[in-house]
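Here's the letter readout for the chains.
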Protein chains: 2
Amino acid sequence: MTSKDGYQWTDASGLVRGVPSIGVIEPSSNINDHYQHYDVIVVGGGYCGLTAARDLALSGLSVCLLEGRDRIGGRSWSTNIGGYPFEMGGTWVSWGQPHVWREISHYDMRDQLECSYDFSQGVNHFSLGSDGGRRTMSHDEADRLITGAALKFVNVDGEYGKTIMPQPHHEFFNPAVKKYDKLSVADRIEQIKDDLTPDEMTALQAFVLLSSCAKPEESSFYEFLHWWALCNHDYAYCIEYLIKYKFRGGHSSFAIKFFEEALSTNRLSYAFNSPVAEISDHHSHVQVSTRSGQKYKASRIVSTIPLNVLNDISFDPPLAFGKQDAARVGHVNMCAKVHAECRNPELRSWGGVRYPDNKLMYAIADGTTPAGNTHIVAFGGNHNPLKPEQDIEQTKRAVTGLVPAQIERLVFHNWVDDEFAKGAWFFPAPGLVTERLEDLRRRQGNILLANSDWAVGWRSFIDGAIEEGARAAKGILDDLRKNSVQPKSSRL
Amino acid sequence: MTSKDGYQWTDASGLVRGVPSIGVIEPSSNINDHYQHYDVIVVGGGYCGLTAARDLALSGLSVCLLEGRDRIGGRSWSTNIGGYPFEMGGTWVSWGQPHVWREISHYDMRDQLECSYDFSQGVNHFSLGSDGGRRTMSHDEADRLITGAALKFVNVDGEYGKTIMPQPHHEFFNPAVKKYDKLSVADRIEQIKDDLTPDEMTALQAFVLLSSCAKPEESSFYEFLHWWALCNHDYAYCIEYLIKYKFRGGHSSFAIKFFEEALSTNRLSYAFNSPVAEISDHHSHVQVSTRSGQKYKASRIVSTIPLNVLNDISFDPPLAFGKQDAARVGHVNMCAKVHAECRNPELRSWGGVRYPDNKLMYAIADGTTPAGNTHIVAFGGNHNPLKPEQDIEQTKRAVTGLVPAQIERLVFHNWVDDEFAKGAWFFPAPGLVTERLEDLRRRQGNILLANSDWAVGWRSFIDGAIEEGARAAKGILDDLRKNSVQPKSSRL
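Residues numbered from 1 in each chain as written. Chains lettered and ligands numbered in written order. Predicted model: local features only at pLDDT ≥ 70, side-chain atom pairs only at ≥ 80, totals over all residues. Heavy atoms only, no water.

Here is the rule we go by: UniProt positions are given in the numbering used here, feature names are shortened, and annotations may be inferred rather than shown by experiment.
The name given to chain A in an unreviewed UniProt entry is Amine oxidase, and the organism recorded there is Hortaea werneckii EXF-2000. Its UniProt record gives chain A a comment under Sequence similarities (unreviewed entry), which states: "Belongs to the flavin monoamine oxidase family." UniProt, in the comment section headed Cofactor (unreviewed entry), describes chain A in these words: "FAD".

Shown next as structure tokens:
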């Protein structure tokens, strides 16, 4: 099946909108009875919504999943282009991510991971580029360079952040950490800049801003400290957990397991291509209206609408002020992620950064395609915005600005202009998390708002999406059980 | 409630069998209809059985949980002595343990962890004792000593074990690792002994054998490499994941959540004090007979009987040879874990080891009791066996052999003589895991055998118990769904 999402370019085909993915669901709806009153409506079919829908359906509730797109996965989905999975959004997973790992174990996919890196072949070096030019070094040299700079960056407590956030899944355990949410990445760099070499400055910025894909002055230093704590306060674990292991079959091969398990209960109804326009809570029941005017009724709703599009939905009664305000502020991650299939097999072991004078700042060789070409994945941020489909030649130059390569294919998803995301993974400006996290997490009547954007563990990650989906499902089950509401259906 | 399990000694009371615990279940049975045919019988109420029972009941199946003891938790349970939780078995948990962490998140207990260590008070040093005497050093010195020795011990590949087991949850990813299961800890020490100082030799043995609580020559080097990989190939993470964070309210405060959630479905029947004698698979159904002659029928069974007592149950048809043989061989962990409440508040920051000339080899100050005394927890192994209840004076000397202390109270559970465990957490002799793991994991007809003893991730840990319980439940649900068996009951 081919999704309407994403873009592909080759010399032969030119720019084509839409790419094939096993995450596209056909038929796009299985709803026969439009007057059914469901136990729960889940809005959004990313990992958060899939987890909630699955957990609820497995627990005996009737669930209706509504999704604006033609596919599952939300901000994480993979193509099947000539059998090769390009990851259009979230990619890497790890056993350091407990919710993801529980699911990988659940679906017996432990042996389905492969390592993005292969430092055994061809051009085995790291490129460091800046306004001052581009030079190469060994991967070990690059690791030492970035480690040294990162340790200076995070060392707010003389213990590289270990005392300020000792329990990463209980982030405010030491409340003193909150003060770092007043600082931006730019503010923190200003504090340590005299202690950084020019190379360290370049590499550090490219590495740190890979977390936010935003300008340094709009990226919260606090949030980076949280990522750092989640990665064991260790640069090596930033690589290990954030950018190393991916699914051999792509993310859609994982997400589809959640969907299929939910379907196997015979309690999951769903409608894709069904963007939600309005959610209203009538106390006795809730109602969801789609843009096309279709209405769905249920006892509870799980909304997994992301922060940056939350105010695009009409809520009745309106969302509490804290949520509305957080959504108005939004998050700042405007990542451009570009895959380039290059006729340069020798690049398989390459990696590099270039900041700020290039529209892609961080890239690694991520695999070898069936044609024997090197697959390079590259990330750009809001300091130097790129909308890849708007100017293919510019996009190619953004790749070759990192490393000389013969580009055969480009594959990407413009998340910034995606109407259901308006940005990539969550990354906040200073202040948002400490001011609004609790507001965002609070239930509103019969509506539970769940999204990785306000997870407490791996916030912004697939792990956080699963954490949140599971939290919403548990909240509803505890609630209905307390109120002795009977499920509408009960087949195994 | 007071369990029959465990022992307590004070000068005033002398040795008393049984200690109070919130893990004791009253009433001990809720079964009214002894002729009911259940969907599933779960044998064993440790974390593995609790997880299986809960997942199955939540998914709409009728479940009967049979447990030989008067309490939940199996090899992990905590007392409530004067409001203080002494951990009788498994203790520490971490976000590095994905299955545990998923459950801590599920029950919203992220803020219920406390750190065993407090290096800010009183006697803030580490004792290193051996036949040659006892001396003290700072905790930092001890960390450097053990780290240095541990790195020599695990460095089989020039990368401290990272290349030989890069994916700890997929342990045979590099099949070359299997050869280390031919070596014992003693064999490995023999290989590196010329490179170890006497202090390193003492500290290394006490540290490594804390994983097995067995003699060096009967402890698999491979299994230690697996622990090491699970701990990020890093001594600091051995401490962080294995012996740092525990539940403020004790493990029984966590385990009870599983039990209560399963009960809340109204689909969980249970009988405690009901040791199982026989499990028979009649193809159309399975039957479990207890020692007292009570019979229970179901469609499927999850047996969570641990390895060392597996052959004490009569299976009809008999267990496959590989399972029987693995159970005959058994595991080697004969840990004696002793809690000493000491009238020495100044010991709060103490820790130390002594090997081999003491019946307890490794200890840390683990907390301060309500009376203001220091709680020390100490571990002994099979190189110098201790059965704490048999000679209280000897047990006290084993504590004071580690550190001079005025002992007010002793609390312990003799796992070696526990008829339902016959040992502590799983630790294999060389050969067992590579030869028998797959045999142990294999389903046998309508009987699914699940236990942390043959988990693939955190084998031997609570995390592995949850991993295995979830695997069994998923196996049954997939199976019954495929065969369209209807659950017997279906209330939420």
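Next, the rest of the story.
## Digging into helix α4 (residues 185–192) of chain A
Residue and element names in this part refer to chain A. Convention followed: To sort residues, take the accessible area from a 1.4 Å probe on protein chains only and compare it with the maximum for the residue type: under 20% means buried, over 50% means exposed, and anything in between is partly exposed. Runs of H or I in DSSP of at least four residues are treated as helices and runs of E of at least two as strands, each being numbered from the N terminus. Think of the arc as the fan of directions from the helix axis to the C-beta atoms. Residue contacts are counted whenever heavy atoms from the two residues lie within 4.5 Å of one another. Polar contacts here mean pairs of N or O atoms no more than 3.5 Å apart (in protein, one a potential hydrogen donor and the other a potential acceptor; neighbouring residues in sequence count only if both atoms are side-chain atoms).
Val 185, Arg 188, Ile 189 and Ile 192 are the residues of α4 that are buried. Down the axis of α4, the smallest arc covering the buried residues is 100°, so these residues share one side. On its buried face, α4 sits against α3 (139–154), α5 (198–212) and α6 (221–230). Residue Ser 184 occupies the N-cap position of α4, its side-chain oxygen lying 3.2 Å from the main-chain nitrogen of Ala 186.

## Some words on the domain arrangement of chain A
Residue and element names in this part refer to chain A. To keep things clear, this is the line we draw: Delimitation of the domains relies on an automatic or database domain assignment. A quick way to say it: buried area is the sum, across both parts, of accessible area lost when two parts are put together, with a 1.4 Å probe. When a carboxyl oxygen of Asp or Glu is within 4 Å of a side-chain nitrogen of Lys or Arg, the pair counts as a salt bridge.
Taken domain by domain, chain A consists of domain 1 (2–76 + 251–331 + 422–485) and domain 2 (141–243). Put simply, the middle of domain 1 and the middle of domain 2, counted by C-alpha atoms, are 31 Å apart. The interface of domain 1 with domain 2 comprises 17 residues on the first partner and 26 residues on the second. Both sides of the domain 1 and domain 2 interface together cover about 1600 Å² of buried area, and 65% of this is carbon and sulfur. When the buried area of domain 1 at its contact with domain 2 is split by residue, Phe 427, Pro 430 and Trp 458 rank highest and sum to 39% of it. At the junction of domain 1 with domain 2, the criterion picks out two salt bridges. Glu 223 is the partner of Arg 459 in a salt bridge, and the nearest nitrogen-oxygen pair spans 2.9 Å. The tally of links from domain 1 across to domain 2 stands at eight residue pairs in polar contact (both at pLDDT 80 or more).

## Things to note about the UniProt feature "domain: Amine oxidase" (unreviewed entry) in chain A
Those places that UniProt annotates as "domain: Amine oxidase" (unreviewed entry) correspond, in this numbering, to residues 48–477 of chain A. What you have in residues 48–477 of chain A is 31% helix and 19% strand, and the ends, taken at the C-alpha atoms, are 16 Å apart.

## Here we look at the UniProt feature "binding site: FAD" (unreviewed entry) in chain A
All names here are of chain A. In the UniProt entry, the feature "binding site: FAD" (unreviewed entry) is given for Val 276. Relative to the elements of secondary structure, Val 276 occurs in strand β10 (residues 276–281). Not counting residues within four places of it along the chain, the set of residues in contact with Val 276 comprises Val 43, Leu 66, Val 288, Ser 289, Thr 290 and Ile 313.

## Thoughts on the sheet that holds strand β2 (residues 14–20) of chain B
All names here are of chain B. What counts, and what does not: The rule for pairing is simple: two strands pair if DSSP sees at least two bridges between them. Lines are fitted to the C-alpha atoms to define the axes, a helix being fitted only along its stretch in contact, and any angle between axes, read from their N-to-C directions, falls within 0 to 180 degrees.
With respect to topology, nine strands assemble into an open sheet ordered β2-β1-β18-β14-β17-β16-β15-β6-β7, the strand pairing being mixed. Whereas interior strands pair on both sides, the edge strands pair on one side only; in this sheet they are β2 and β7 (133–137). This sheet shows a mean twist of 25° between the axes of neighbouring strands, independent of strand direction. Here seven bridges tie strand β14 (residues 336–342) to strand β17 (residues 374–380), and the two strands are oriented antiparallel to one another. Looking at the pairing, Glu 341 lines up with His 375 of β17. Where helix α5 (residues 198–212) meets the sheet, its contacts fall on β6 (126–130), β7, β15 (351–354), β16 (362–368) and β17, and the angle it forms with β6 comes to roughly 100°. On the sheet, helix α10 (residues 392–400) packs against β1 (2–10), β2, β7, β14 and β18 (407–412) and is oriented at approximately 105° with respect to β18.

## Thoughts on the interface of chain A and chain B
Chain A puts 40 residues into the contact, and the matching count from chain B is 40 residues. A buried area of about 3700 Å², summed over both sides, lies between chain A and chain B, and 54% of it is on carbon and sulfur atoms. Across the chain A-chain B interface, the total number found is two salt bridges. In this structure, the salt-bridge partner of Glu 467 of chain B is Arg 110 of chain A, at a minimum N-O distance of 3.3 Å. Among the elements of the structure, α1 (47–58), α2 (98–106), α7 (235–242), α8 (251–264) and α12 (462–482) of chain A are those that each provide at least two residues to the side of chain A that touches chain B.

## A look at the pattern of salt bridges
Scanning the model with the defined rule gives 72 salt bridges over all chains in all. Ionic pairing is found between Asp 479 of chain B and Arg 300 of chain B, a salt bridge with its closest N-O pair at 2.7 Å. Placement of the pair is Asp 479 of chain B in helix α12 (residues 462–482) and Arg 300 of chain B in strand β12 (residues 295–303), with a sequence separation of 179 residues. For Asp 479 of chain B, a relative accessible area of 10% corresponds to the buried category. For the salt bridge of Asp 325 of chain B with Arg 436 of chain B, the shortest nitrogen-to-oxygen distance reads 3.2 Å. Of this pair, Asp 325 of chain B sits in helix α9 (residues 321–329) while Arg 436 of chain B sits in helix α11 (residues 432–441); the two residues are 111 residues apart in sequence, bridging distant segments of the chain. Using a relative accessible area of 16% as the deciding quantity, one classes Arg 436 of chain B as buried. Overlapping salt bridges, with partners in common, bring together Asp 5, Glu 67, Arg 69, Arg 71 and Asp 418 of chain A in one network.

## Topic: the nonpolar core
Rules: The set of buried Ala, Val, Leu, Ile, Met, Phe, Trp, Tyr and Cys residues whose side-chain atoms join them within 4.5 Å is what this entry labels a nonpolar core.
In terms of nonpolar packing, the biggest core is built from 196 residues, with Phe 153 of chain A together with Phe 153 of chain B touching the most fellow members. Each residue touching Phe 153 of chain A, except ones within four places of it in the same chain, is listed here: Val 185, Arg 188, Ile 189, Ile 192, Leu 204, Val 208, Phe 221 and Phe 224 of chain A.

## Observations concerning the packing of aromatic side chains
Residue and element names in this part refer to chain A. Inclusion rule: Two rings from Phe, Tyr or Trp (for Trp, the six-membered ring) form a pair when their centres are within 6.5 Å of each other. A pair whose planes differ by under 30 degrees is stacked, one over 60 is edge-to-face, and the rest are tilted.
One pass over the full model with this rule turns up 52 aromatic pairs over all chains. Each ring, one from Phe 153 and one from Phe 221, has its centre 5.1 Å from the other, and the planes form 80°; the classification is edge-to-face. Taken together, the positions of Phe 153 in helix α3 and Phe 221 in helix α6 put the pair 68 residues apart, joining distant regions of the chain. Phe 221 sits in the buried class, given a relative accessible area of 0%.

## Side note on the environment of Asp 234 of chain A
Residue and element names in this part refer to chain A. For Asp 234, the location among the structural elements is in the loop between α6 and α7. We classify Asp 234 as partly exposed; its relative accessible area is 24%. Note: C-alpha distance between Asp 234 and Thr 147 (87 residues apart in sequence) is 8.1 Å.

## What about the packing of helix α1 (residues 47–58) of chain B against α12 of chain B?
Residues and elements named next belong to chain B. Stated precisely, the cut-off is as follows: A clockwise turn of the near helix away from the far one marks a right-handed crossing, whereas an anticlockwise turn of less than a right angle marks a left-handed crossing. Each residue gets one of three labels, nonpolar for Ala, Val, Leu, Ile, Met, Phe, Trp, Tyr, Cys and Pro, charged for Asp, Glu, Lys and Arg, and polar for the others, Gly among them.
Closest axis-to-axis distance for the α1/α12 pair is 7 Å, and the angle between their directions is 35°. For the crossing formed where α1 meets α12, the hand is right-handed. Contact residues: Tyr 47, Cys 48, Thr 51, Ala 52, Asp 55 and Leu 56 in α1; Ile 462, Ala 465, Ile 466, Glu 468, Gly 469, Ala 470, Ala 473, Ile 476 and Leu 477 in α12. Looking at the contact of α1 with α12 residue by residue, the class counts come to 11 nonpolar, two polar and two charged.

## Observations concerning the relation of the copies chain A and chain B
We count it as follows: Copies overlap after least-squares fitting; the atoms used are the C-alpha atoms of residues with pLDDT of at least 70 in both.
Superposition of chain A onto chain B requires a rotation of 180° combined with a translation of 0.0 Å along the rotation axis, giving an RMSD of 0.0 Å. Here the two chains are linked by the operation of a two-fold rotation axis. Minimal C-alpha separation from the rotation axis in chain A is found for Pro 98 of chain A, amounting to 1.9 Å. A shared interface surface links the copies, since 100% of the contact residues of chain A are contact residues in chain B too.

## Examining α9 of chain B
All names here are of chain B. If you check which residues of α9 are buried, you get Gly 322, Lys 323, Asp 325, Ala 326 and Ala 327. In this fold, the buried residues of α9 make contact with α11 and β19 (447–449). Just downstream of α9 lies Gly 330, where phi reads positive at about 75°.

## Quick word on the packing of α1 of chain A against α8 of chain A
Residue and element names in this part refer to chain A. Short version of the rule: Orientation is classified from the angle alone, with under 35 degrees giving roughly parallel, over 145 giving roughly antiparallel, 65 to 115 giving roughly perpendicular, and any other angle giving oblique.
Running from amino to carboxyl end, α1 crosses α8 at an angle of 25°, the nearest separation of the two axes being 8 Å. Judged by the inter-axis angle, α1 sits roughly parallel to α8. The element α1 and its partner α8 pack so that their crossing is left-handed. Contacts between α1 and α8 involve Tyr 47, Leu 50, Thr 51, Ala 53, Arg 54, Ala 57 and Leu 58 from the first element and His 251, Phe 254, Ala 255, Phe 258, Phe 259, Glu 261 and Ala 262 from the second.

## Focus on the side chain of Gln 8 of chain A
All names here are of chain A. On the secondary structure map, Gln 8 appears in strand β1 (residues 2–10). Among the residues examined, Gln 8 registers a relative accessible area of 14% and is labelled buried. A polar atom in the side chain of Gln 8 sits 2.6 Å from the side chain of Arg 409. Ignoring any residue separated from it by four or fewer positions in sequence, one finds Gln 8 in contact with Gly 14, Leu 15, Val 16, Val 19, Ile 81, Arg 409, Leu 410 and Val 411.

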